[in-house]
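Close look at the chain arrangement
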Amino acid sequence: MAPSNPLANWEKLGDSFYRKVPVYDAIFDDDVQLENYIVVGAPYGGAIALHRDETKVFRFRDAQTAKTSIDIYSCSGKHINRINWEYGTIRGLGWSDREELLVITEDGTVRRYFGLHGDFTSFSLGNGAEEYGVRACRFWTSGFVALLSNNQLVAVSNYDEPRPKLLAPCPEGEVSSWSLIPPAYTLSRSVEVLLAVDKTVYLIDPTEAEDKVLQNGPFKHASVSPTGKFVALITAEGKVWVVSSDFQSKYSEYDPESRVTPRTVDWCGDDAVVIAWEDEVHLIGPSGVAARYYYDDTVHVIPEFDGVRLITNDTCEFLHKVTDVTEAIFRLGSTSPASVLLDSVDLLEKKSPKADENIQRIRPSLPEAVDVCVKAAGHEFHAYWQKRLLKAASFGKSVLDLYNSDEFVEMTEKLRVLKAVRDYQIGLPISYEQYIRLTPEKLVERLVNRHEYLLAIRISEYLQLPADRIYVHWASQKVKVSTVDDEAVCKLIVQRLDGKPGISFELIAQTAFDEGRSHLATQLLNHEPRAGKQVPLLLNMEEDEIALDKAIESGDNDLVNYVLLHLKSKLPLASFFRMINTRPMASALVETTAREEDTELLKDLYYQDDRPIDGSNVLLSEALNQTALPRKTEKIQLASRLLTDSKDATVVLQQKLLSEASQLLKVQENLDKDLTDRSEFLGLSLNETIYRLIRSGYGKRAQKLQSEFKMPEKTYWWLRLRALVAKRDWGELGEIGKNKKSPVGWEPFYNEILGAGNTKLASLFVPKCTNLPVEDKVEMWVKCGMIVKAGEEAFKAKDFNTLELLRGRASGPAASDIERMINQLRPRK
């Protein structure tokens, strides 16, 4: 059945039309008398909070009504939750754009309720709120301002990280009304407050209080438009002024012809002002023209950015400006293409040929007409007109050869969603523009907060949105309310969520833990596939070993290290080592980290693991890094002591080496005292010590060290040779060359001395290299510049070819000698 004429509830205010759309009826029971309540609604058709108005005198109060509470309803009157209130006088009640209820008490305590079912966080305003007391509060979508009794203003601009801040000092005087401009619409990008004091208005921001120098106060009401451009004021005479927010321009004035001050002043969109008494509402347009609405009982006005909701005991209505597309179609006498297209549907159903005539008449504008019908369908609340408009659009686009139907399809989807959430059982009377601004994801979140899980899932599937949060919320709620044993709850949740993508069992387990059901939390965590989500909660639950095992299973070194750091700070060291000893990966990570950052922990680890050599090596490394002899000696002795009880051959050898190292340090200390005035020998190796002694001319001391430390003879001769060459002690080297034997042979002497540039002395060692081939000895003589000696070596070996080569390299007398040797070897004829 077709509804009444769409123009029935239209009111013309100046150049614009406004309409009041009935949304729900018979919404509140008779025992809820709205006249006795403060009513505050959440934006975007959200929930309504009711709190007893303590200023009203009640005829009768039984035990139940005597209890203070905050009741939360849907716009259709469905009771969602009751919050029993015993926490002081409420001075502020408001909602955030995420449908979080904010309750501010007189002492400055703020409770932020989320989820509509009693869960909350709290914080304090501070800044003198407890001392002076909160008088009133004004809210915007993401914050609020509290007015204290000393006229000071405290602003909170972020509920997630509340940091209450004082605004500029306020003038003294009686505050008759006040309002605020949200940060999004101010040049300073911080909230600004309009404070009506005495006969003027002050604009207050964080830095200053600016007097707007007005004379018509005290202003009984002040209200800022949704975009912060305009301010509605009620003067001392009861007139309504609309001025610019900078108070430089006055746009209209309206006299309500009533000396009774309106209860509320709000904005209907950005163009009209709504003033309301108990049972009367005036809608004031831009030109000062007004429409009046009368009610049988108290009406409450809930502002939205695109209109207002009017709530009484019996009805919920939406008063808003008629959009341009709607006006173009339904306005009386309209001949717009979209209006003609809508009429054509009626003609088509009657099979009238005029339908085609109309289409041909608007053919050039047909694409525009289709678009207008589609858009107008979104702004209708009644399904009948939505369908008629979409049918008109469908008829129009069927005639067109080319038309992109994406907007048409999207609109049908949006309208199906809007129809579902506007249902009486759900009670979310969100408008099309509100839905676009809110977004589908946040609309689904609101359904979840109402525990409307089935509808939330169906909408998510219909719009192809992820539904994992819905399932997690359902499961968390099931954990909270279930009374059956843990195994049954876990089994139910796992079965229901089986195969659902993106499910975070960690969040469900956290809820179980918060509810004191640790065993259930542990069971649920076993189904969490991401170790990074499991581990922190397990640690929080003090399931340390399970957390460590889960981290190791993940193969994530960073995660394992995270657990190990937590355990090390929490457990006694012995318990910590016992836990990691049976887990090689954990033990290896601790060892690696300790080696770089904590050697004390590393030593304790090696001691617990009975690894004396590794522990000894750590101490030895520390000894090498010490500069003071006592500390070096102490570290080495500790390293040696660790190896005392072991019978392993490797350990015994290392202990012997450590003992020698300690002995060497004492010798080096004495050398520094006896031979130098500075630390020259301390810290050197045995080889370096002997080398430096010989080079410094203390050969006997070096020989004594060799004997004491049983240095191999070959090693000592090498050190002695290099030290003497470095010292250029050719005489000592010559004396050594007189020996018959050398443990390292004589070739090293030749090479080292030749390398130092003394060819003469080097040549003395060539004859002593008896084991070398002739070619090598010839080359050695040549390097010393003794070509004749080289020739003699070749002559002895009767090496004619080598002599031939040497002849080419000889000159002067040497050439004659070489020629003579060649002639002697040449065969006689």
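Coordinates for the structure precede this section.
To keep things clear, this report deals only with the structure shown in the data block.

Scoring rules and cut-offs
- Per chain, residue numbering runs from 1 following the sequence as it is written.
- Owing to the predicted nature of the model, reporting of local features is limited to residues with pLDDT of at least 70; listing and counting of side-chain atom pairs is limited to 80 or more, with chain, interface and lining totals taken over all residues.
- Note that the side-chain values use all heavy atoms of the structure and ignore hydrogens as well as water.
- Burial here depends on accessible area, computed with a 1.4 Å probe over protein chains only, as a share of the maximum for the residue type. Under 20% is buried, over 50% is exposed, and the range in between is partly exposed.
- A run of H or I in DSSP becomes a helix once it reaches four residues, and a run of E becomes a strand once it reaches two; helices and strands are each numbered from the N terminus.
- The criterion used for residue contact is that any of the two residues' heavy atoms lie within 4.5 Å.
- In this description, a nonpolar core means a group of buried Ala, Val, Leu, Ile, Met, Phe, Trp, Tyr and Cys residues linked to one another through side-chain atoms lying within 4.5 Å.
- Note on aromatic contacts: the rings of Phe and Tyr and the six-membered ring of Trp form a pair at centre separations within 6.5 Å, being stacked when their planes are under 30 degrees apart, edge-to-face when over 60 apart, and tilted otherwise.
- A ring has a charge above it when a Lys NZ or an Arg CZ is no more than 6 Å from the ring centre and no more than 35 degrees off the ring normal.
- DSSP calls a pair of strands paired once it identifies at least 2 bridges connecting them.
- All axes are obtained by fitting lines to C-alpha atoms, using only the stretch in contact for helices, and the reported angles, taken between N-to-C directions, cover 0 to 180 degrees.
- In this analysis, a patch consists of residues with relative accessible area above 30% that form no salt bridge, clustered at 9 Å for like charges and at 5 Å for the nonpolar side chains Val, Leu, Ile, Met, Phe, Trp and Tyr.
- For the area figures, the Shrake-Rupley method with a 1.4 Å probe applies, and any residue is considered shielded solely by the protein chains shown.
- We define a salt bridge as a side-chain nitrogen of Lys or Arg found within 4 Å of a carboxyl oxygen belonging to Asp or Glu.
- Counting rule for charge: Lys and Arg are taken as positive, Asp and Glu as negative, and neither His nor the chain ends is counted.
- By convention, charge coordinates are those of NZ in Lys, CZ in Arg, CG in Asp, or CD in Glu.
- Read the arc as the range of directions from the helix axis to the C-beta atoms.
- When describing relative orientation, an angle under 35 degrees is termed roughly parallel and one over 145 degrees roughly antiparallel, while 65 to 115 degrees is termed roughly perpendicular and anything else oblique.
- Ten residue types, Ala, Val, Leu, Ile, Met, Phe, Trp, Tyr, Cys and Pro, are classed as nonpolar, four, Asp, Glu, Lys and Arg, as charged, and the remainder, Gly among them, as polar.
- N or O atoms closer than or at 3.5 Å make up a polar contact, with two conditions inside protein: a donor-capable atom paired with an acceptor-capable one, and, for residues adjacent in sequence, both atoms drawn from side chains.
- Rotating anticlockwise by less than a right angle from the far helix to the near helix defines a left-handed crossing, while the corresponding clockwise rotation defines a right-handed one.

**Describing helix H13 (residues 505-514)**
Structural remark: α-helix, 3.6 residues per turn; residues separated by three or four positions point the same way. Within the sequence span of H13, burial applies to Phe505, Glu506, Ile508, Ala509, Thr511 and Ala512. Along its buried surface, H13 packs onto helix H11 (468-481), helix H12 (486-497), helix H14 (518-525) and helix H15 (531-540). Note on H13: the residue one or two positions beyond its end, Gly516, has a positive phi of about 85 degrees.

**Observations regarding the nonpolar core**
Membership of the largest hydrophobic core comes to 94 residues, with the highest contact counts inside it found for Ile329, Leu341, Ile493, Leu497, Ile508, Leu524 and Leu564. Those residues in contact with Leu341, other than ones at most four positions away along the chain, are Ile359, Ile362, Leu366, Ala369, Val370, Cys373, Ala392, Ala393, Phe395 and Gly396. Core analysis: the next-biggest nonpolar cluster, separate from the first, contains 45 residues, Leu724, Ala794, Ala814 and Ile822 among them.

**Thoughts on the packing of aromatic side chains**
By the definition in use, this model includes 18 aromatic pairs. Both rings, one in Trp85 and one in Tyr87, keep their centres 5.0 Å apart while their planes meet at 85 degrees; by these two values the pair is edge-to-face. Assessed through its relative accessible area of 5%, Trp85 is described here as buried. Sitting over the ring of Phe408, Lys397 keeps its end group 4.8 Å from the ring centre.

**A word on the sheet that holds strand S7 (residues 90-95)**
Hydrogen bonds between backbone groups are what pair the strands of a sheet, and the pairing can be parallel or antiparallel. Read across the sheet, four strands follow the order S7-S8-S9-S10 without closing on themselves; strand pairing throughout is antiparallel. Of all the strands in the sheet, just S7 and strand S10 (120-124) have a single pairing partner and so form its edges. Between one strand axis and the next, the sheet turns by 15 degrees as a mean value, whatever way the strands run. Of the strand pairs in this sheet, strand S8 (residues 101-105) and strand S9 (residues 109-113) are connected by four bridges, and their pairing is antiparallel. Across the sheet, Leu101 pairs through a bridge with Tyr113, a residue of S9.

**Side note on the pairing of strand S26 (residues 290-294)**
On S26, burial follows the alternation: Ala291 and Tyr293 on one face are buried, whereas Ala290, Arg292 and Tyr294 on the facing-out side are not. For strand S25 (residues 280-284) and S26, the ladder comprises five bridges, and the chain directions are antiparallel. Each residue of the ladder has a partner; that of Glu280, found in S26, is Tyr294. Connecting S25 to the antiparallel partner S26 that follows it, the hairpin turn spans five residues, and Gly288 within it adopts a positive phi of roughly 90 degrees.

**Some thoughts on a negative patch on the surface**
Side chains of Asp25, Asp29, Asp30, Asp31, Asp279, Asp296 and Asp314 sit close together on the surface and give a patch of like negative charge. Here Asp31 is to be found in the loop between strand S2 (16-25) and strand S3 (37-41).

**A look at helix H31 (residues 787-796)**
Restricting attention to buried positions, one finds in H31 the residues Ile787, Ala790, Gly791, Glu793 and Ala794. End-on view of H31: buried residues confined to an arc of 155 degrees, all on one side of the axis. Count one or two residues on from H31 and you reach Lys798, which has phi positive near 55 degrees.

**Examining the packing of H13 against H15**
In the contact formed by H13 and H15, the axes pass within 10 Å of each other and the chain directions differ by 10 degrees. Between H13 and H15, the angle is such that the two are roughly parallel. Residues Glu506, Ala509, Gln510 and Phe513 of H13 form the contact with H15, whose own contacting residues are Lys533, Leu537 and Asn540. Along the lines of polarity and charge, the residues of the contact of H13 with H15 split into three nonpolar, two polar and two charged.

**As for the environment of Gly697**
Checked against the element boundaries, Gly697 lands in the loop between helix H24 (686-695) and helix H25 (699-708). By relative accessible area, Gly697 is classed as partly exposed at 43%. Separated by 27 residues in sequence, Gly697 and Leu724 have C-alpha atoms that sit 9.0 Å apart.

**A word on the side chain of Asp205**
Tracing the backbone shows Asp205 in the loop between strand S17 (200-204) and strand S18 (209-211). Buried within the structure, Asp205 lacks any salt-bridge partner; Lys212 is the closest side chain of opposite charge, at an N-O distance of 9.3 Å. Among the polar contacts made by the side chain of Asp205, one reaches the main-chain amide nitrogen of Thr207 at a distance of 2.8 Å. The contact partners of Asp205, leaving out residues within four places of it in the chain, are Leu167, Ala168, Val191 and Glu192.

**Here we look at the packing of helix H17 (residues 557-570) against helix H18 (residues 573-581)**
Between H17 and H18, whose axes approach to 8 Å, the crossing angle comes to 150 degrees. Regarding the angle of H17 to H18, the classification is roughly antiparallel. Seen along the crossing, H17 lies across H18 with a hand that is right-handed. Note on element contacts: H18 touches H17 through Phe576, Met579 and Ile580, opposite Leu564, Leu567 and Lys568. Taken together, the residues of the contact of H17 with H18 break down into five nonpolar, no polar and one charged.

**A look at the pairing of S17**
Most of S17 sits out of view: five of its five residues are buried. Neither face of S17 is exposed, since Thr200, Tyr202 and Ile204 on one face and Val201 and Leu203 on the opposite face are all buried. One ladder, built from five bridges, connects strand S16 (residues 192-197) with S17; its direction is antiparallel. Bridge assignment links Val193 to a residue of S17, and that residue is Ile204. Count of turn residues in the S16/S17 antiparallel hairpin: two residues, of which Asp198 carries a positive phi of about 55 degrees. Bridge analysis of S17 against S18 gives three bridges, and the strand direction is antiparallel. Within S18, the position partnered with Tyr202 by the bridge is Asp211. Connecting S17 to the antiparallel partner S18 that follows it, the hairpin turn spans four residues.

**Brief notes about the sheet that holds strand S22 (residues 250-254)**
Spatial strand order, S19-S20-S21-S22: four strands in an open sheet with antiparallel pairing. Taken across any chain shown, the strands that pair with only one partner, and hence form the sheet edges, are strand S19 (221-224) and S22. With direction set aside, neighbouring strand axes in the sheet form an average angle of 15 degrees. Two strands pair when backbone bridges link them, and S19 and strand S20 (residues 230-234) are joined in this way by four bridges, in the antiparallel orientation. Bridge pairing in S20 places Ser223 opposite Ala232.

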